[in-house]
Every structure is written in C-alpha cells, then in structure tokens.
Amino acid sequence: MKGKSILKNSTLLLVLGLIFGIIFGFIMKAVPSHFYIDDIVMNGIMRFLGTGFINLIKMTVIPLVFVSLICGISSFGDTKKLGIIGLKTILLFLFSTIGAIIISIICASIFKPGIGLNFDFSSTSTYTPPEVKNIVDIFLDIIPINPVKSMSKGNLLQVLVFAVFFGISIGTLGEKAKQLINIFEVINDCMMKIVSMIMSIAPIGVFALISITVYSTGLDSLIGILKMILVVALALIIHTILIYGGMLKIGSKLSLVKFFKKYSRVAGVTFSTASSNAALPASMEMMRDIGVEHSVYQFVLPIGATVNMAGTAIVQGVTAVFISQAYGIELSFQSMVTIVISAVLASIGTAGVPGVGMIMMAMVLESAGLPVQGIALVIGVDRILDMMRTTVNVLGDCVCCAVVAKSEKMIELEKYNEV
Ligand code: ASP
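Right, let's walk through the structure included here. (Residues numbered from 1 in each chain as written. Predicted model: local features only at pLDDT ≥ 70, side-chain atom pairs only at ≥ 80, totals over all residues. Heavy atoms only, no water.)

Concerning the side chain of Ser 347
- Its location among the elements puts Ser 347 in helix H15 (residues 333–349).
- At a separation of 2.9 Å, a polar atom in the side chain of Ser 347 contacts the main-chain carbonyl oxygen of Val 344.
- Once residues within four sequence positions are removed from consideration, Ser 347 is found in contact with Thr 97, Val 307, Met 309, Ala 313 and Gln 316. (Helix = DSSP H or I, 4+ residues; strand = E, 2+ residues; numbered from the N terminus. Polar contact = N/O pair within 3.5 Å; in protein donor to acceptor, adjacent residues only side chain to side chain. Contact = heavy atoms within 4.5 Å.)

Dropping the structure here:
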C-alpha cells in the first residue's frame, strides 16, 4: 500500500514538473534578454539540471542493456522459447510500424497540412540536408567489429547484437556458466537500484528539460506549420487508440486504464528527453511493476528501444506527404508504397536518441523522389515532433512486451491488477 502511494506521488510530481516546466519556459521567454537573468537561469541552472539528469540516465543505459539482455536470454534456457518470443516480438513490431505509417499517410492526405503553406522556399536552398544513408551500410553498421569500442561509443544497437550472442552462448553452457549468470543478475539488480535513485529526481530533470525546450523553440516556426504538427498529433493518437489499444484489448485482454496509468510515468521521461534509450530504465521499471517476467522485458525492451519506432514512422509519413504538398508534387500510389517501405526500414535504422528520425527522413524522401531540402521546413520544430514520436515509440515497446508476456503466460496478473 505504501509502495503504491509513493508511486502515485512520484507520477504526480512528474506531471507537475512537466506543467510547471512549460509555464516557466514561457515566463523566461517573456523576460527581456538584456537583464541577463534568462541567460543565467536557462543556460546555467536549467541546463545543469536538465543535462545532468539526462547524463545520469545515460550512465545506466549501456551497462543495463548489456547485463539485462544477457540475464534475460540466458534465463530462457531453451533457445526454442527464446525463438518463439523473438519471432512474436518482431512480428508485433512490424505490424504496428506498418500500421503507423499507413495511418500517417491517410491522415496527411485527408487534412493536407502542406497545401497553402505561407513559406519562403528560397530559405530552403541555403539548408544543407543530412547525408542519405545507404541501406546496406545501415545494416552493416549493426555488426560490432569491436564490442568494447561499441560500448565506449554508446552504440546501443551494436551492444545489443553482442549481448544476444553472449546471452545465447552462456545459456547453452548450463551448469558451467551458472556462477557467471548469478554475477550478471546481481549487477543487474544493482543497475535497477541506481535507476530507482535517478528516477527519484526525475520531476526536477523533467521540469528543467521541458522549460529549455519551450524557451528555445521559436514561436514563429511553430505557428507556420501548426497544422502539420496537429496532423502528426492526430495520427499518433489514432495509432495509439487503434493499434496499441487494439493489441492490448484483443491480443492480451489486459486493462487499458491500468496500462496507460502506469505508462504516464514513463511518458514523462520520453516527453522530456526525446530518447527511447534514456527511457529504457523507466520502461523496465514499469514492466517489472506490472508483473511481466524479467526474462521477457529484459529481452524485448532493449530491442524495442533500438528498432521499434512507430512514432518515428508516423512523423516520417506525415512529413513526406507534407513536403510533397508544399512543393506541389503529386504523390503516385507507387511513391506512397515506397514511403511505407522506406519509412519502416528508416525507423528500424533510427537510433533511440533525440533527432535521429529527421536524419533518416532524408532516406525516405530520396527514395520517394521528394526534395530532401524540404526537411528545412520542419527542422525548426523537430524537438516538439521528437518528444511526441518518442512517447509513442516507447509506448509501442511496452505494449508489445506486455502482449508477448501475456501470450506466453509470463505475466503475474495479480500484480498487474494491483496497479
Ligand atoms: N528520438 C527518437 C527516439 O529516441 C528517435 C527519433 O525519431 O529521432 O525514439
């Protein structure tokens, strides 16, 4: 009972941090800059609190992913079970991402956010678009040539690949590796303790991060493409209700209210950090609290944080249609199919850190024959789009994890119902 009220209070504090952060950001924006107060407060105190919080979370991500994935995989024992869970996870990720991109194209085609745009297109000619990545290179880049270097550089996808190999082999060694697995499990418990400590200061971090975003986002750039932002928000909401709500209701029969109530705490982190990787510790905490068996979430969530990006796919879909409308380019059915395929691949190749979705956008535009320069139209508000899409990205990881766990009877329903 006591644990429950602590959790409720911390969620409430996080929401308050978010609301007051937005208000504070607007207040600081209104302060005349010649007083220097805004500089001291925003670039000094708030930057320290916000970046400090993100850095603390980042500190846990690589060791947590490495150790938890090894614990998760090795605890399956037989590789058949692991294979079934892996297959179910990948199929759910693919289904929700393809659904997401189709919803986004339909929404953007109906509401036409790019038509009648009052924008100075000459400014896009000075914009240097991100380099278009070759799809083969994207997949080659997943293989860690030097796993230690991957860890030190924070390349989560490469760490993940190495951990999967490590976990599978350790699991097949049986008795011989028992002690090593125990050690990894103790390290994992330590990491989760560190996460709890850091999450206790999340309301302060969230307050600072959100105030910086509000303070530094130009209102002009926001108003210019407000319709596009609203279409993205609508597509994200439809996807959440239709696909994720449907998956939870039909695929797992778990209570939606309890699930979303519990997710609100994770959403505070995704919204303020715009990073799936940074939210990983919080989503792991959530899965543990709703009774999902550790082997499932230790396996599904790290993979989800790096490859499952339905929210990113939605932003890419809406942006592609938006750019085609803004430039007056008719999208053929074939181009739309190309957008679906390339956005699915681009979202898989997007790392779970802020802003990468827009870099991968270049690949989607290029493959659909749209001007890559068009990214300049939306780049000014990308942080806002990123906060929204990351929240849906991580929600997708959590939903898929719960659905897989329920289908494999690897969730404690009494614990879930206690939420
Ligand atoms: N920030 C997103 C995430 O971490 C990735 C992106 O779309 O930029 O999930």
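Structural notes on the site of the ligand
- Ser 276, Thr 312, Gly 357, Asp 386 and Arg 389 are the nearest of the 17 residues found near the ligand.
- Interatomic distance of 3.1 Å between a backbone N/O atom of Val 353 and a nitrogen atom of the ligand.
- Expressed as a share of its isolated accessible area of 270 Å², the protein-covered part of the ligand is 100%.
- Where the shell around the ligand is concerned, the elements lending two or more residues are helix H16 (356–367) and helix H17 (382–407).
- Looking at the shell around the ligand, its residues break down into 6 nonpolar, 9 polar and 2 charged. (Near = heavy atom within 4 Å. Areas by Shrake-Rupley, 256 points an atom, 1.4 Å probe, with all protein chains shown as cover. Nonpolar A, V, L, I, M, F, W, Y, C, P; charged D, E, K, R; others polar.)

Here's the deal with the packing of aromatic side chains
- Applying the stated rule across the entire model yields 7 aromatic pairs.
- Aromatic side chains Phe 66 and Phe 162 sit 6.0 Å apart centroid to centroid with 0 degrees between the ring planes, which places their arrangement in the stacked category. Highlighted residues: Phe 66 in helix H2 (residues 37–75) and Phe 162 in helix H6 (residues 156–172), separated in sequence by 96 residues.
- Measuring from ring centre to ring centre gives 6.4 Å for Phe 66 and Phe 184, while their planes differ by 80 degrees; the resulting arrangement is edge-to-face. Of this pair, Phe 66 sits in helix H2 while Phe 184 sits in helix H7 (residues 178–199), and the two are 118 residues apart along the sequence.
- In textbook terms, an aromatic cluster arises when at least three aromatic residues are bridged by ring pairs, as seen for Phe 66, Phe 162, Phe 166 and Phe 184. (Phe/Tyr/Trp six-rings, centres within 6.5 Å; stacked < 30°, edge-to-face > 60°.)

Details of the layout of surface pockets
- In this structure, the largest pocket encloses a volume near 890 Å³.
- As for the largest pocket, its lining consists of 35 residues, and the residues nearest its centre are Asp 141, Gly 154, Asn 155, Leu 156 and Ala 351.
- For the lining of the largest pocket, the secondary structure elements donating two or more residues are H2, helix H4 (135–140), helix H5 (147–153), H6, helix H12 (276–289), H15 and H16.
- Per element, the largest residue contribution to the lining of the largest pocket is 4 residues, and it comes from H4. (1 Å grid on protein atoms, 1.4 Å probe; cavity = no way out; pocket = protein on both sides within 12 Å on 5 of 7 lines; lining within 4 Å. Points joined across faces, edges and corners; volume = space filled by probe spheres on them.)

Structural notes on unusual backbone geometry
- Residue Lys 253 is not a glycine yet carries a positive backbone phi of 55 degrees.
- By the secondary structure assignment, Lys 253 is in the loop between helix H10 (226–252) and helix H11 (256–273).
- For Lys 409, which is not glycine, the phi torsion reads 55 degrees and is therefore positive.
- Following the sequence through the fold, Lys 409 ends up in the loop between H17 and helix H18 (413–418).
- Owing to a relative accessible area of 73%, Lys 409 belongs among the exposed residues under this scheme. (Buried < 20%, exposed > 50% of the residue type's maximum accessible area, 1.4 Å probe, protein only.)

Regarding the nonpolar core
- In terms of nonpolar packing, the biggest core is built from 133 residues, with Phe 259, Met 287, Val 292, Val 296, Phe 299 and Leu 385 touching the most fellow members.
- Top contributing element to this core by residue count: H17, with 15 residues.
- The residues contacting Phe 299, other than those within four sequence positions of it, are Leu 69, Ile 73, Phe 76, Leu 82, Ile 85 and Gly 86. (Core = buried A, V, L, I, M, F, W, Y, C linked by side-chain atoms within 4.5 Å.)

Considering the side chain of Ser 342
- Looking at the element boundaries, Ser 342 is found in helix H15.
- Among the polar contacts listed, one links the side chain of Ser 342 to the backbone oxygen of Thr 338, at a separation of 2.7 Å.
- A distance of 3.4 Å separates a polar atom in the side chain of Ser 342 from the backbone oxygen of Ile 339.
- When neighbours within four sequence positions are excluded, Ser 342 is seen to be in contact with Met 363, Val 364 and Ser 367.

Thoughts on the packing of helix H3 (residues 79–111) against helix H14 (residues 310–326)
- Contact geometry of H3 with H14 gives a least axis separation of 8 Å together with a crossing angle of 30 degrees. Judged by the inter-axis angle, H3 sits roughly parallel to H14. Crossing hand, H3 versus H14: right-handed. Facing Ser 96, Thr 97, Ala 100, Ile 101, Ser 104, Ile 105, Ala 108 and Ser 109 of H3, the residues of H14 in contact are Ala 310, Ala 313, Ile 314, Gly 317, Val 318, Val 321 and Gln 325.
- For the contact of H3 with H14, the per-class residue count stands at 9 nonpolar, 6 polar and no charged. (Axes fitted to C-alpha atoms, helices over the stretch in contact; angles between N-to-C directions. Parallel < 35°, antiparallel > 145°, perpendicular 65-115°, else oblique. Left-handed = near helix turned anticlockwise from the far one by under 90°.)

What is shown is where atoms sit, not what they do.
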